[in-house]
Amino acid sequence: MSRYFYYHVLYVGLINIMIFVPWTLFQNRFHGAVSAMAIAIVIGTIMAWTTTSLFLRFPEMALSDIVKAYFPRGIALIVNVIGAIIWGFAGILVVYAYSSTIQQFFNPDMNPYLFLLLMTAAGVWGATRCSRTIQFAHEVLMLLCTPLILMILFKAIFSPWLDWDAIRVSLGYVRTRPSLNSLSAALFVFAGYNTLVIFNRLIPANTKIRQRWIIPVFCSFFLFVSFFIPIGFHGTVGVADYLYVWSITSDSMIMQYGFVYRVLYVFLLLYTALSLMFTMNTWHTAMEFIKACHPRYTPQPDQYPVKAVNWWITISFAVLTFAYAAWANDQRNQLTYQSWLIVRSISEVVVLLILVWCFFVSRRKRRSSIRQQTAAQNS
Amino acid sequence: MLETIKRQFENVTDLLTETVDNGFWPMEIAYFPSLCDERIKDGLLVPYSYRFDPDEFRRMLRSNPKYVEAEDPKQWANLLLKGFVLLKVEGKCYSFKSDRTLVTEPGTTEVESAVLGPQSAFTEDITMNMALLRLRYNVPTLTAEPYDKGSYSNTSIMVLYDRELVNPVILNMLRDKLDRIRLDLLLASSSLVKELTDRNHRLFPTILQTERPDRVAVMLRKGKIVIIINGSRFALILPVRLFDFMHAMDDEYDSYWINRFLNVMRYVGIWMTIILPASYIAIVSYNPEIFRVQLAFTIDGSRAGVPYPSFVEVFVMLFMIEALIEASIRLPRIVGSTATTVGGLILGQAAQQAGLVSSIMIIITSVVAISNFVIPNPDFSQAVRLMKYPFVVIAMLYGISGVVVLFFALMVYLCNLRSFGEPYFALFLPRSHDLPNQGTKLGKG
C-alpha cells in the first residue's frame, strides 16, 4: 500500500526542523545554501526514485534481508551494524533536540532529564511495537497532525509580517558554490523514502508506488518553507541569531480567534507528535537492524505480542540518549548534527549502490536459471 | 434404564422416574418436570394412554423427528438435564425433546436503543435468538456450530457465520480457542469474552457485545463471526475494530449527512472526555500562558476561592461524578431519581458556592460525564471512562506536553491491539463487503 510510504516521506520532510537543518542552512545562507537546496532537489528526487524502484524489486524484504541473501555474512553484519548506528542516532538526536526545545519554551523550571525520560519512554514504547503497528500509528498520527501543519503553514505564508523582499534577497545567492554541510542538510528533507530499508517488508509483491511526483513537490515545498519563512520573518541577517529558529518564528504569529493566542504552542504540540513518530520509527528500524544480526533471525513484521528482546534493545537506545544528553552542549550538539547529516547522506548513496548490485546479481541468477530450465526442456 | 438413571441421580428428588403401564405395554419414563413443558402431554402421554394403538405408537416413535433413539447410557444424564424425556418401550430407549421455552417474545432494547431502528433485542433463550437472527439474515449460507461450554453450567453456545464471507483463518483460531477454554460456569457473555481474549488486563474491548439482532445481521454480512450464548441477552461479534464500537445502529438508518455529523460528534466527545480534566490541571497549574490572557484570568478568577491545587479539585469532582454514575446504575429504579437530583444539586451548585471547586471545573465535570455517554457501546464507554485517569496523572507530573505524549502512547497502544489477529485501529482498510472472499489479505494494509 503506497500511502504508508508517503506518510514516511511527509513526516521525515517535516522533522527537518528538529534535526537543525534550517539552522545549518542559515549558517551558510550567503555561502551556497540556496544552490545546495537546488542541487538537493535534483539529487534527492533521483535518489528517491531509483532507491524506491529498486526496493520494489525485492518485495517483502528489508535491506538486511536483501544483504543477507546476496552478500557474505561478514559484510551483511557490517551493513546491519552501521545501519543500526545511523538510525538509532537519528532518534537520539531528535529526542534530545525536542526535549531541549520544550525545556526552553514550555517548562523552563523543570529538570531537563525529567522530560527526556518521558520522551524516551514514549519512544521506547512505540519502537518496541511490530512494524505493522507502527505503520498504522503513522497513519493515524499524520491525519491528526495534518490540520495543525496546514494551519501553521497558511498562517506563515499569508502573514502580513512575512517580508518577501528578504526572501528575494537570499534567493539571489543561488550562484555561490554549495558546501557539503549545506548539501547534506538539504538532502535530509528528501530522506523519507529511506524508511523502506525496514518497511519494505510490509509492501507485498507487485505493489506499485504511484504518484511519485509527491516526493519532489512536497519535499521541496517543506525545504523552501523551513528555509525561507524564518528569513521572511527575521530578515536575512537576524535569522542566524537564533538556535531554535522555528520555535521563534512560530512565536512571531498569533491566532486572533480561539483559546490559544500564540502559534508557538500549537507548533510545539505538533512537533511533540512528529518527533515521537520519528523516534518511534528510527528506533524501530535500528532495532530491526540489530535483530537481523542474529544468524537465525526471521523477520516478523506483524507480531503480537512482541518479544522481550525488542524492549532490551530500545531501552539501551534510551540509555544512550541520556548519555548523549549528559555529554552534549550546544557546540558539541551542532557538530554532532552536522556530522550525522553528512554520514547519513553518504550511507544513502551506499544503500543505493548495494541495491543496484543486488539487483544485477538477482537478474543474472534469474536469467541463468531460466536458461537452465529451457536447456533442461530442450534436452 | 431406570436403574442406571437412579444410580446417576442419587437423592435427586425433583427427577420423575416411573414405570407406567397402560395394560398393553409397560413403559419406563424419566424426566425433570421443571425442565419440560406441556408438550409432553400431547406428544407422549395422550398417544400412550387413552388413545393407545400399538401400531400407531410405533409409527410415531419412528416418524416424529422429536423422538430420537438414545441407546447410549452415557448420554442419558446429559439429555435429561437439557430437558429431554427419556422413555423405554419394547426394550428400546428413546429421547423426546420437550424442553421448556421460557421466552416466547423478543426482548426490547435496553442498552443500545435506536430512534428509527427496530426495537427488538435478543432474549435469554438461544432458540429465540436464533429465530430473531434467521429472520434478519435469511440465507442458506448462514452456518451454526453448536458447542457446550462450562463444566458445571453446561451452557450451550452457537458460533454463527456466513460460510461464504467468513475468514477461515479467524474461524480456525476461534475454534482452537473454544476448545482450549476451561470454565466452570458460563453464565454471561462477558465471561466468554474474558476467556477468548489473550490477556485479561486489557484496557479496550476487542470483542463486541450487542443485544441487537440487526447489528448482528449487519456484521454477519461483513463476514464477522457471531457467538450467541444460552442465558445471555448479548451476542459476541469478532473480529472487530475500534470504529465498530463507535457505531450506533442508527447510523445505518439515518441519512448520510446526519450520520457523518453524529460520527464526528462522537469522536469529539471521546476526545473531550479523555483530555479535558487533564488539560484543566495542565493549564491551571503548569502552563497558564498557553491560553490567551483574558481566558487565563477567567479561569484563575473562578479558582480564586479554592484552597488547594487543581489536581485535588479534579480528583474530588471526578470521584463525585463516578460515584453518581455508579449509584444510578445500582440503585433500584424507584430511588434512582432521588440520587440524581441530590447529586446534581451538589455538583451543580453547592460545591461551587462552598468554595470547594471552581465553576469552570463543574462545567468540565459535566462535559466529561455527558460526552462519555455519547459512546454507543457500554463496554467501550467504560474503557474510555477509565482512560482519563492516566491522563490526569501525567498532567500532574508533566503539564500539557505530558498529555500530548501520553496521547501519542495511547494511539500506539490502540494500533498495537489485535482482535483475533486483525488490526484493531487501522484506518481505511478495504471494506469487507467489497471483497468477495476476504482472506488473510485484509490484514495487509
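The structure displayed is predicted, hence computed values, not measured ones. Every chain is numbered independently, its residues counted from 1 as its sequence is written. Chain letters and ligand numbers both follow the written order, the letters beginning at A and the numbers at 1. Selection of residues for local features in this predicted model requires a pLDDT of at least 70, selection of side-chain atom pairs for listing and counting requires 80 or more, and totals for whole chains, interfaces and linings are taken over all residues.

1. Observations regarding the overall build of chain A
Link 1 in the chain: For chain A, the count of helices and strands is 15 helices and zero strands.
Link 2 in the chain: Just to be clear, the radius of gyration here is over C-alpha atoms, and the globule rule we use is 2.2 Å times residues to the power 0.38. The C-alpha radius of gyration of chain A comes to 22 Å, within 12% of the 21 Å expected for a compact globule of 379 residues.
Link 3 in the chain: Reported as C-alpha extents along the three principal axes, the dimensions of chain A are approximately 80 × 45 × 40 Å.
Link 4 in the chain: With C-beta atoms placed from the backbone, a residue is labelled by how many other C-beta atoms lie within 10 Å of its own: buried for 20 or more, exposed for 12 or fewer, partly exposed between the two. Among the 379 residues that make up chain A, the fraction classed as buried is 49%.
Link 5 in the chain: Each residue gets a C-beta atom placed from its backbone, and two residues are in contact if those atoms lie within 7 Å. Sequence separation of 24 or more characterises 87% of the internal contacts of chain A that already satisfy a separation of 6 or more. Helix and strand labels come from DSSP, where a helix needs a run of H or I of at least four residues and a strand needs a run of E of at least two; each type is numbered from the N terminus.

2. Quick word on the overall build of chain B
Link 1 in the chain: Tallying secondary structure elements over chain B gives 17 helices and 14 strands in all.
Link 2 in the chain: Against the compact-globule benchmark of 22 Å for 445 residues, chain B has a radius of gyration of 29 Å, which places it well outside the compact range.
Link 3 in the chain: Seen through its C-alpha atoms, chain B measures out along the principal axes to roughly 100 × 50 × 40 Å.
Link 4 in the chain: Of all 445 residues assigned to chain B, the portion counted as buried reaches 35%.
Link 5 in the chain: Restricting the contact set of chain B to residue pairs at least 6 apart, pairs at least 24 apart contribute 64%.

3. Remarks on helix H3 (residues 33–56) of chain A
Residues and elements named next belong to chain A.
Link 1 in the chain: How far a helix is expected to stretch is found by multiplying one less than its residue total by 1.5 Å. When the terminal C-alpha atoms of H3 are compared, their 33 Å separation across 24 residues agrees well with the 34 Å that a helix rising 1.5 Å per residue should span.
Link 2 in the chain: When we look at burial in H3, the residues that qualify are Ala 33, Val 34, Ser 35, Ala 36, Met 37, Ala 40, Gly 44, Met 47, Ala 48, Thr 51, Thr 52 and Phe 55.
Link 3 in the chain: Those residues of H3 hidden inside the fold are in contact with helix H2 (21–27), helix H8 (164–171), helix H9 (180–188), helix H10 (196–199), helix H11 (214–234) and helix H15 (330–378).

4. Side note on the sheet that holds strand S3 (residues 67–69) of chain B
All names here are of chain B.
Link 1 in the chain: With respect to topology, five strands assemble into an open sheet ordered S1-S2-S4-S5-S3, the strand pairing being antiparallel. Strand pairing shows two members of the sheet lacking a second neighbour, strand S1 (16–21) and S3, which therefore form its edges. Strand-to-strand twist in this sheet, taken as the mean axis angle between neighbours without regard to direction, amounts to 25°.
Link 2 in the chain: By this definition, two strands are paired if DSSP reports at least two bridges between them. Relative to strand S5 (residues 92–97), strand S4 (residues 84–89) runs antiparallel, the two being bridged by six bridges. Bridge pairing in S5 links Leu 87 to Tyr 94. Simply put, an axis is a line fit to the C-alpha atoms, just over the touching stretch for a helix, and the angle between two N-to-C directions goes from 0 to 180 degrees.

5. Focus: the pairing of S4(B)
Residues and elements named next belong to chain B.
Link 1 in the chain: With three bridges connecting them, strand S2 (residues 26–31) and S4 associate as antiparallel partners. Following the sheet pairing, Ile 29 is matched in S4 by Leu 87.
Link 2 in the chain: Where S4 folds back onto S5 in an antiparallel hairpin, the turn is made up of two residues, including Glu 90, whose phi is positive at roughly 50°.

6. A closer look at the interface of chain A and chain B
Link 1 in the chain: Of the residues lining the interface, 30 residues belong to chain A; the matching set on chain B comes to 25 residues.
Link 2 in the chain: Among the elements that line the side of chain A that touches chain B, the one with the most residues is helix H7 (residues 131–157) of chain A, at seven residues.
Link 3 in the chain: By residue class, the composition of the side of chain A that touches chain B is 22 nonpolar, five polar and three charged. Charged means Asp, Glu, Lys or Arg here, nonpolar means Ala, Val, Leu, Ile, Met, Phe, Trp, Tyr, Cys or Pro, and polar covers whatever is left, Gly included.

7. Here we look at unusual backbone geometry
Link 1 in the chain: In this model, Leu238(B) is joined to Pro239(B) through a cis peptide bond whose omega is -10°.
Link 2 in the chain: Even without a glycine there, the phi angle at Gln211(A) is positive, about 55°.
Link 3 in the chain: In this structure, Gln211(A) sits in the loop between H10 and H11.
Link 4 in the chain: Exposure remark for Gln211(A): the 11 C-beta atoms within 10 Å place this residue in the exposed category.
Link 5 in the chain: The phi dihedral of Asn11(B) falls on the positive side, at around 60°, and the residue is not glycine.
Link 6 in the chain: When you line up the elements, Asn11(B) lands in the loop between helix H1 (2–8) and S1.

8. Let's talk about the domain arrangement of chain B
Link 1 in the chain: Domain boundaries shown here were taken from an automatic or database domain assignment. According to the domain assignment, chain B consists of domain 1 (2–97), domain 2 (107–239) and domain 3 (255–419).
Link 2 in the chain: Each of domain 1 of chain B and domain 2 of chain B has a C-alpha centre, and the two are 33 Å apart.

9. Overview of the sheet that holds strand S11 (residues 225–229) of chain B
Residues and elements named next belong to chain B.
Link 1 in the chain: A sheet is described by the order of its strands in space; here five strands give the open sequence S8-S9-S11-S12-S10, paired in antiparallel fashion. Both edges of this open sheet fall to strand S8 (142–149) and strand S10 (208–210), since each of them pairs with a single strand only. Each strand of the sheet is rotated relative to its neighbour by a mean of 25°, with strand direction disregarded.
Link 2 in the chain: Across the sheet, helix H6 (residues 168–180) is in contact with S8, strand S9 (155–162) and S11; its angle to S11 comes to roughly 30°.

10. Comments concerning the packing of helix H13 (residues 263–292) of chain A against helix H17 (residues 400–416) of chain B
Link 1 in the chain: Contact geometry for H13(A) and H17(B): axes closest at 10 Å, N-to-C directions at 40°. Relative to H17(B), the element H13(A) lies oblique. Pair H13(A) / H17(B) crosses with right-handed handedness. Touching Leu269(A), Thr272(A), Ala273(A) and Leu276(A) of H13(A) are Ser401(B), Val404(B), Val405(B) and Phe408(B), all from H17(B).
Link 2 in the chain: Taken together, the residues that form the contact of H13(A) with H17(B) break down as six nonpolar, two polar and no charged. Any angle that is under 35 degrees is reported as roughly parallel, and any over 145 degrees as roughly antiparallel; angles of 65 to 115 degrees are reported as roughly perpendicular and all others as oblique. Helix crossings fall into two classes, left-handed where the near helix is turned counterclockwise from the far one by less than a right angle and right-handed where it is turned clockwise.

11. So, the packing of helix H5 (residues 126–136) of chain B against helix H8 (residues 213–221) of chain B
Residue and element names in this part refer to chain B.
Link 1 in the chain: Viewed as axis vectors pointing N to C, H5 and H8 meet at an angle of 55°, and their least axial separation amounts to 9 Å. In terms of axis orientation, H5 runs oblique to H8. The two elements H5 and H8 meet at a crossing, and its hand is right-handed. Across the interface between the two elements, Leu 132, Leu 133 and Arg 136 from H5 touch Pro 213, Asp 214, Val 216 and Ala 217 from H8.
Link 2 in the chain: Taken together, the residues of the contact of H5 with H8 break down into five nonpolar, no polar and two charged.

12. Section: the nonpolar core
Where a protein is soluble and globular, its nonpolar side chains tend to be buried together.
Link 1 in the chain: Membership of the largest hydrophobic core comes to 204 residues, with the highest contact counts inside it found for Val226(B), Val403(B) and Phe408(B).
Link 2 in the chain: Element by element, the count of residues in this core is highest for H13(A), at 21 residues.
Link 3 in the chain: Formed jointly, this core draws a minimum of three residues from each of two domains, domain 2 (107–239) and domain 3 (255–419) of chain B.
Link 4 in the chain: With near-sequence residues (within four places) excluded, Val403(B) lies in contact with Ile275(B), Ala278(B), Ser279(B), Ala282(B), Phe391(B), Ile394(B) and Ala395(B).
Link 5 in the chain: Nonpolar cores are identified as sets of buried Ala, Val, Leu, Ile, Met, Phe, Trp, Tyr and Cys residues joined via C-beta atoms within 7 Å. Counting residues in hydrophobic clusters, the runner-up holds 15 residues, among them Leu44(B), Leu79(B), Leu80(B) and Leu87(B).

13. Points about the pairing of S2(B)
Link 1 in the chain: Bridge count between S1(B) and S2(B): six bridges; the pairing is antiparallel. Within S2(B), the residue paired with Leu16(B) across the bridge is Tyr31(B).

14. Considerations on the confidence of the model for chain B
All names here are of chain B.
Link 1 in the chain: Here chain B averages 86 in pLDDT, and 95% of its residues register 70 or above.
Link 2 in the chain: The predictor attaches a confidence to each residue, called pLDDT, with possible values from 0 through 100. Across chain B, the element-wise mean pLDDT spans from 76 in helix H14 (residues 333–353) up to 93 in S11.
Link 3 in the chain: A low-confidence stretch, residues 432–445 (pLDDT under 50), is modelled with 26 contacts involving residues beyond four sequence positions or located in other chains.
Link 4 in the chain: Across the assembled chains, the prediction reports ipTM 0.92 with pTM 0.89.

15. What about helix H15 (residues 359–372) of chain B?
Residues and elements named next belong to chain B.
Link 1 in the chain: Over its 14 residues, H15 runs 20 Å from end to end, which matches the ideal 20 Å to within 8%, given 1.5 Å per residue.
Link 2 in the chain: Taken residue by residue, H15 has Met 361, Ile 364, Thr 365, Val 368, Ser 371 and Asn 372 as its buried positions. Viewed along the axis of H15, the buried residues span an arc of 150°, placing them on a single side of the element. Along the arc lie the directions from the helix axis toward the C-beta atoms.

16. Details of the environment of Ala122(A)
Link 1 in the chain: Here Ala122(A) is to be found in helix H6 (residues 112–128).
Link 2 in the chain: Distance from Ala122(A) to Met61(A), taken between C-alpha atoms, is 28 Å for residues 61 residues apart in sequence.
Link 3 in the chain: Residues in contact with Ala122(A), not counting those within four places in the same chain, are Leu276(A), Val405(B), Phe408(B) and Ala409(B).

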